[in-house]
Structure formats: structure tokens, C-alpha cells
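Listed here are the chains, written in short residue letters.
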Amino acid sequence: MSDQIKFIVDNLNKEPFRKNYNLITFDSLEPMQLLQVLNDVLAEIDPKQVVDIREEMPEQTAKRMLSLLGILKYKPPGNATDMSTFRQGLVIGSKPVIYPVLHWLLQRTNELKKRAYLARFLIKLEVPSEFLQDETVADTNKQYEELMEAFKTLHKECEQLKTSGFSTAEIRRDISAMEEEKDQLIKRVERLKKRVETVQNHQRMLKIARQLRVEKEREEFLAQQKQEQKNQLFHAVQRLQRIQNQLKSMRHAAADAKPESLMKRLEEEIKFNSYMVTEKFPKELENKKKESHFLQKVVSEPAMGHSDLLELESKINEINKQINQLIEKKMMRNEPVEGKLSLYRQQASIISRKKEAKAEELQEAKEKLANLEREVSVKTNQTREFDGTEVLKGDEFKRYVSKLRSKSTVFKKKHQIIAEFKAEFGLLQRTEELLKQRHENIQHQLQTIEEKKGVSGYSYTQEELERVSALKSEVDEMKGRTLDDMSEMVKKLNSLVSEKKSALAPVIKELRQLRQKCQELTQECDEKKSQYDSCAAGLESNRSKLEQEVRGLREECLQEESRYHYTNCMIKNLEVQLRRATNEMKAYVSADQQEKRKAIREQYTKNIAEQENLGKKLREKQKAVRESHGPNMKQVKMWRDFEQLMECKKQCFLKQQSQNSIGQRNLLGTNISCFEETFI
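Residues numbered from 1 in each chain as written. Predicted model: local features only at pLDDT ≥ 70, side-chain atom pairs only at ≥ 80, totals over all residues. Heavy atoms only, no water.

Caption draft 1: Structural view of the pattern of salt bridges. Following the criterion strictly, the structure yields 13 salt bridges and no others. Between Glu540 and Arg543 there is a salt bridge; the shortest N-O distance is 2.2 Å. Of the two residues, Glu540 and Arg543 both sit in helix H16 (residues 458-589), three residues apart, roughly one turn of that helix. By relative accessible area, which is 37% here, Arg543 ends up partly exposed. Several salt bridges share partner residues, and in doing so they unite Glu540, Arg543 and Glu547 into one network. (Salt bridge = Lys/Arg side-chain N within 4 Å of Asp/Glu carboxyl O. Helix = DSSP H or I, 4+ residues; strand = E, 2+ residues; numbered from the N terminus. Buried < 20%, exposed > 50% of the residue type's maximum accessible area, 1.4 Å probe, protein only.)

Now the structure itself:
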């Protein structure tokens with residue numbers, strides 16, 4: 001998931017989006033902002049999708065995005081139930097749904113742009129069969145299909161021309177450069193011809209040089225052919241040896257293979273494969289599903305702080321304590337039957353663990369063997385590419401080692417010979433130095449003799465004349481060679497120019513024809529496009545009318561259906577009431593007293609009598625309350641006055657607290673007696 005988010009952020013920060021996101025800001029985007037980012041990516045693929053989703057209903061946004069993703073052939077992970085969750089996640093802007101879509105879109109943007117462009121013209125408009133019975137509609141539909149096929153062919157031709165590699169500007173540049181080179185070579189050849197015409201027998205010399213060049217070319221071609229045949233022979237011998245070795249190994253395997261051993265091997269493989277399929281792989285799959293579900297839950301939850309982590313750790317510690325307590329309780333019980341079973345369970349768990357470990361080891365060994373075989377095949381292919389030879393095996397390798405040993409002995413002998421040559425070279429170098437010293441002494445003596453005789457520098461001038469003559473002969477030879485080379489080069493260039501012209505002539509003709517055809521097809525495409533647009537507009541208007549009619553008919557159908565259900569309900573209610581009335585009449589008319597008591601009329605009369613008795617009792621109670629209401633109210637008023645008087649006495653008592661306690665008691669007693677007399 002982190003690599004996926006990193007890839008999405010890197011691509012969104014590039015052209016043409018330039019969002020300037022990092023991993024934190026992108027992960028903290030709201031669902032509406034995330035949907036807007038997805039919509040921007042879809043708008044880059046299809047310009048019709050440029051919409052501000054805040055101004056659009058969520059259902060319309062989801063429908064538009066789902067239709068475009070269907071055109072682009074995006075396959076959401078999972079089955080049909082996951083499809084509903086995918087649609088719901090696309091509506092609410094869920095991260096586990098939108099992140100894979102963004103990753104898939106940004107991986108293949110150019111390809112999807114092309115697909116979206118083609119979808120505008122190649123998605124067939126489905127016309128109902130009832131409308132196709134009309135001749136005009138059928139003709140327009142047929143014309144529409146023909147235009148679609150024509151667009152397909154034109155698009156294929158256009159793509160072929162784009163990928164063919166022929167560019168008119170490059171061809172013209174090559175032709176102009178070759179013509180300039182041709183003019184320069186013609187001028188150079190003319191200059192060389194003027195120089196050569198002064199030489200005697202130049203025609204004969206040119207003819208001999210041509211023959212020599214032809215023979216050299218023929219010799220090179222034959223040598224190349226000889227080398228190719230040698231390589232083919234070497235490869236054929238190697239292939240023969242390899243096939244013979246394979247035949248030997250197959251014969252050896254067939255000789256060792258018995259039906260019992262083959263059956264035993266097959267049974268072991270079947271047991272191993274059945275164990276892997278029925279036990280190991282389902283467990284691993286279930287664990288992976290649980291892990292992915294847990295990771296999705298972790299991703300969907302908000303970021304946790306330090307306090308949340310501390311709470312989780314405390315909860316984990318509490319749960320571990322509870323688990324330990326339960327284990328201790330279980331150990332305290334110490335039931336003998338469970339103890340025996342626990343031994344068997346431990347043994348079974350140990351055996352199953354060993355079995356799983358061995359299966360994993362076997363699987364790892366198989367994977368390692370497959371990797372090694374793959375590496376061996378890669379190395380053999382690399383050696384084949386480097387020197388064109390096969391990797392040696394078995395007897396071939398032994399023969400190769402014996403050849404290497406024989407070659408190593410030969411190498412040692414040659415190395416000894418080279419050492420002898422080096423020693424001899426050292427001796428010759430020393431003799432050369434001695435001879436040079438002697439030559440210098442002789443030259444010095446010769447110069448002194450020439451000075452005595454009065455002809456100093458005679459030997460030097462003679463050497464210079466010989467050297468100049470040798471140089472002149474070499475220059476003459478070089479001139480003859482350059483003339484031959486120049487004439488050969490001119491012929492080659494002329495032949496190349498003619499070949500290029502002859503090769504380019506049909507291409508240029510085809511290019512002209514294709515240009516004309518392209519212009520005609522573009523005009524025809526524009527005309528067909530305008531016809532298509534007019535036809536599509538007419539069909540769209542007809543479709544909108546038909547949709548309105550269908551909508552009106554559906555509304556009428558719904559109204560009639562609701563009316564039908566309402567009438568059915570009313571009929572059922574009336575039937576129930578009618579049934580109750582018939583039962584009531586039967587009970588009222590019957591002579592049985594118990595059935596009469598069950599009748600609703602009897603029950604209602606009974607209830608009415610009970611309510612009348614209750615009303616009489618309540619009226620009597622009301623009359624008694626009214627009669628006692630006046631005295632009771634007077635008594636309540638007197639108690640309230642008494643309460644106020646006592647409150648006043650309390651205040652007075654608190655104010656006169658500093659006076660004598662005896663006087664206060666007497667005063668309080670007289671006040672209470674006065675109050676009692678007045679109250680009585």
C-alpha cells in the first residue's frame with residue numbers, strides 16, 4: 001500500500017497535474033477531495049470529464065465514473081458482492097477503493113487516452129429491434145455501422161503510417177546530403193583524372209586495379225562463406241553431441257524406471273500435492289485474508305496518537321492477565337481424562353508441526369531447484385550469446401578437461417620457447433648496441449677523413465639522396481593507390497546513390513498516393529463525421545422523447561398499481577368487518593347464554609354499567625371534597641400564619657441573645673402562652 005501511495009503521489013506531482021502533495025498530505029485528504037483528484041485524472045484521460053464534483057450529485061458522479069472505468073476496461077478486485085462495495089466506496093470516496101483505481105490509471109495514462117478517444121467513435125449505440133423495423137432507422141443504423149468500420153480501417157492505416165518510420169523531411173535531408181556528396185566526389189574524380197592522364201599506360205593500370213579489386217572482394221566473400229560453413233559445422237557437431245547425450249540419459253532413465261518405482265513416486269507426489277492443496281494452502285490463504293482484513297481495518301481507521309497506544313497496551317496487558325488466570329484455573333482443576341487427552345493433543349500438534357515444517361522445507365527445496373534450473377538456463381543462454389557454444393555436461397566436460405590438459409602442456413612448451421627467444425633477444429639487443437657504437441666511431445673517422453680531403457658532408461648528402469629517391473617511389477605508389485581507391489569510392493557512391501534512388505522511388509510514389517488518399521479520407525471522414533453527428537443528434541432527440549413517454553407511462557402504471565393495492569386493502573378490511581358483523585349476529589340470536597356473553601354488544605353493555613358505577617362513586621367523592629374544602633383551606637391558612645409567627649419569634653430570639661437567659665425564658669414562656677390563648 002505504501003509503494004502504491006508513493007507512486008500515486010510522484011505521478012500527481014509531475015506534469016500535467018502538479019499537485020505538490022507529499023505522503024502525509026495526500027493520506028489526510030477528505031473523501032470529497034480524493035474524489036476530485038480521481039476526477040482530475042479521468043479528465044486528463046477524457047476531456048469530457050472536466051467537472052467540479054461539488055456542483056454534481058454523488059449518484060451522477062459515481063455513474064459517470066463507473067461508465068468511464070467500464071469503457072477503459074478497469075476490473076475491480078473481487079466478485080459480485082465486492083462490486084457493490086466498490087460502487088458504494090466510489091460514492092463515499094473510500095481510500096481502499098480509490099487508491100487502486102488511481103494507481104491503475106496513472107500506470108497506463110497514454111494507453112487509456114487512446115482507448116478513451118476510440119471509445120467516442122467505436123462504442124455502438126444500441127437501437128431496439130422494434131425501431132429497426134422502420135426503413136429509415138434501419139438505413140441510418142446500417143450507414144452508422146459502415147462509418148464505424150471505415151473509421152476503424154482509417155485509424156489502423158494512420159497508426160501504421162506513424163509506426164512505419166518513414167519521414168518525408170528525413171528522406172529529403174538524406175537525398176540532399178547524398179547529392180552534395182555526389183557532386184564533391186565527381187569534382188574530386190575529375191581532378192584526379194586530369195592528374196592521371198599525364199601518366200603513361202593509365203588505362204591499362206586502371207583496368208588491372210579494377211580486376212585486383214574484384215578479386216579481393218571475391219576472396220573476402222569466399223573467406224566469409226568458409227567461416228560461416230565452419231561455424232555451421234561446429235554447431236551441427238555440438239548439436240549432434242548434445243542429442244546423443246540426451247538419448248543416452250533417456251535410455252538410462254528408461255532402463256532404471258520400473259512400474260513399481262514410478263507408481264511409488266507418483267503416489268508420493270499425489271500425497272504431497274493433496275496435502276498442500278487441502279491443508280497447507282487453505283490455512284495460508286485464510287491467514288493472508290485475515291492479515292489483509294486486519295490491514296484494511298488499520299488503514300481505514302484514523303491515525304492513532306500516543307495516548308491511544310497506551311490504552312491499547314493497557315487493554316492487552318489486562319487480557320493477558322485474564323488469559324493467565326484462566327490457564328491457572330484450568331491447571332488447578334487437574335482432570336485426569338483431560339490430562340490424557342492433552343498428551344495426545346500435544347503429540348498430534350507436534351506431528352502436524354513437523355509435517356508442516358517438512359512440507360515447507362520440501363516446497364523451499366523445490367523452489368530453490370526451480371530457481372537454480374532457471375539460473376542455469378540463463379547462464380547457458382548468456383554463454384551462447386557470448387561465444388555461440390553450449391555448456392558442456394558429463395562426458396563432454398571430461399573431454400574438454402583432457403583437451404585443456406594437453407593444451408596446458410603445449411602452452412608450457414611454448415612458454416619455454418618464448419623464454420629462450422627472450423634470452424636470445426637480449427643478446428641481439430646487446431650486439432645491436434655494440435654495432436651502433438662501432439658505426440658511430442666509423443662515422444666519426446669518416447668525417448675526419450672527409451675534412452682532411454676537403455669533401456666534408458659527402459656521405460651525408462649521398463644518404464639524403466637515396467632517402468629522397470626512396471620517398472619519391474613510395475609517394476608514386478601511394479598516388480597510384482589513391483587513384484584506384486578514389487575511382488572505387490566514386491563507383492560505390494554512384495551505385496549507392498542509384499540504389500537509394502531506386503529504393504526510394506516506389507516509396508515516394510506510394511507516399512504521394514497515400515497523401516492523396518489521406519486527404520480524400522480526411523475529407524470523407526469529416527463528411528461522415530458531420531453525418532454521424534446529425535444522425536446521433538436525431539437519434540438522441542428521438543430517444544429523449546421516447547424516454548419521456550416511457551417515464552409518463554411508468555408514472556401512470558405506478559399510480560394504477562397504488563390504487564389497485566389501496567382497493568385490495570379496503571376490500572380486505574370490509575371483509576373482516578363483515579365477518580365480525582355476521583359472528584355478532586349469530587352470537588346475539590343464539591339461545592346459548594355463554595355465546596351471548598361472548599357477543600361484543602354484551603361486553604359493551606357490561607363495560608358501560610361498570611363505568612356508570614365508577615362515575616357515581618367519583619361524583620360522591622367529589623361532593624365530599626367540596627364540602628370539606630372550606631374548613632380545610634382555613635386550617636391551612638392558620639398553619640401558614642403560625643409558621644410565619646414562629647419565624648418572627650426566631651429572629652427576635654437571635655437579636656436578644658445578649659440578654660439574660662432567665663429573662664429570655666420568661667419572655668418566651670409568656671409569649672407562647674399568649675399565642676396559645678389567641679390560637680385557642
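Caption draft 2: Broad picture of the side chain of Asn141. Summarising the element assignment, Asn141 is placed in helix H9 (residues 135-163). Judged by relative accessible area, Asn141 falls into the buried class, the value being 15%. Residues contacting Asn141, with those up to four places away along its chain left out, are Val127 and Leu132. (Contact = heavy atoms within 4.5 Å.)

Caption draft 3: Molecular detail of the side chain of Arg213. Within the secondary structure, Arg213 is located in helix H11 (residues 202-256). Classification of Arg213 as buried rests on a relative accessible area of 17%. Aside from chain neighbours lying at most four places away, what touches Arg213 is Glu488 and Lys491.

Caption draft 4: Spatial organisation of a nonpolar patch on the surface. A cluster of nonpolar side chains, contributed by Met263, Leu266 and Ile270, occupies part of the molecular surface with about 310 Å² of accessible area. Owing to a relative accessible area of 55%, Ile270 belongs among the exposed residues under this scheme. (Patch = residues over 30% accessible without salt bridge, like charges linked within 9 Å, V, L, I, M, F, W, Y side chains within 5 Å. Areas by Shrake-Rupley, 256 points an atom, 1.4 Å probe, with all protein chains shown as cover.)

Caption draft 5: Local environment of unusual backbone geometry. With a phi angle near 55°, Asn20 is a residue other than glycine that sits in the positive phi range. Along the chain, the position of Asn20 falls in the loop between helix H1 (2-13) and helix H2 (23-27). Of note, Lys73 is a non-glycine position whose phi angle comes to about 65°, a positive value. Structurally, Lys73 can be placed in the loop between helix H4 (58-71) and helix H5 (80-92).

Caption draft 6: Summary view of the confidence of the model for the chain. On average, residues of the chain score 79 in pLDDT, and 86% of them reach the 70 mark or higher. Mean pLDDT across the secondary structure elements of the chain bottoms out at helix H19 (residues 661-679), with 50, and peaks at helix H18 (residues 600-655), with 87. Ignoring residues within four places in sequence, the model shows residues 674-680, a span with pLDDT below 50, making three contacts including any to other chains. (pLDDT = per-residue confidence, 0-100.)

Caption draft 7: Looking closely at the environment of Ile8. By the element assignment, Ile8 lies in helix H1. Given the relative accessible area of 0%, Ile8 is considered buried. Sequence-wise, Ile8 and Phe26 are 18 residues apart; in three dimensions their C-alpha atoms are separated by 9.3 Å. Apart from the residues within four sequence positions on either side, Ile8 is in contact with Phe26, Tyr99, Leu102, His103 and Leu106.

Caption draft 8: Inspection of the packing of helix H7 (residues 109-122) against H9 at higher detail. At a minimum axis separation of 10 Å, H7 and H9 run at an interaxial angle of 150°. Considering their axes alone, H7 and H9 lie roughly antiparallel with respect to each other. From H7, Lys114, Tyr117, Leu118, Phe121 and Leu122 reach across to H9, where they touch Met148, Phe151, Lys152, His155 and Glu159. Of the residues contributing to the contact of H7 with H9, the split by class is six nonpolar, one polar and three charged. (Axes fitted to C-alpha atoms, helices over the stretch in contact; angles between N-to-C directions. Parallel < 35°, antiparallel > 145°, perpendicular 65-115°, else oblique. Nonpolar A, V, L, I, M, F, W, Y, C, P; charged D, E, K, R; others polar.)

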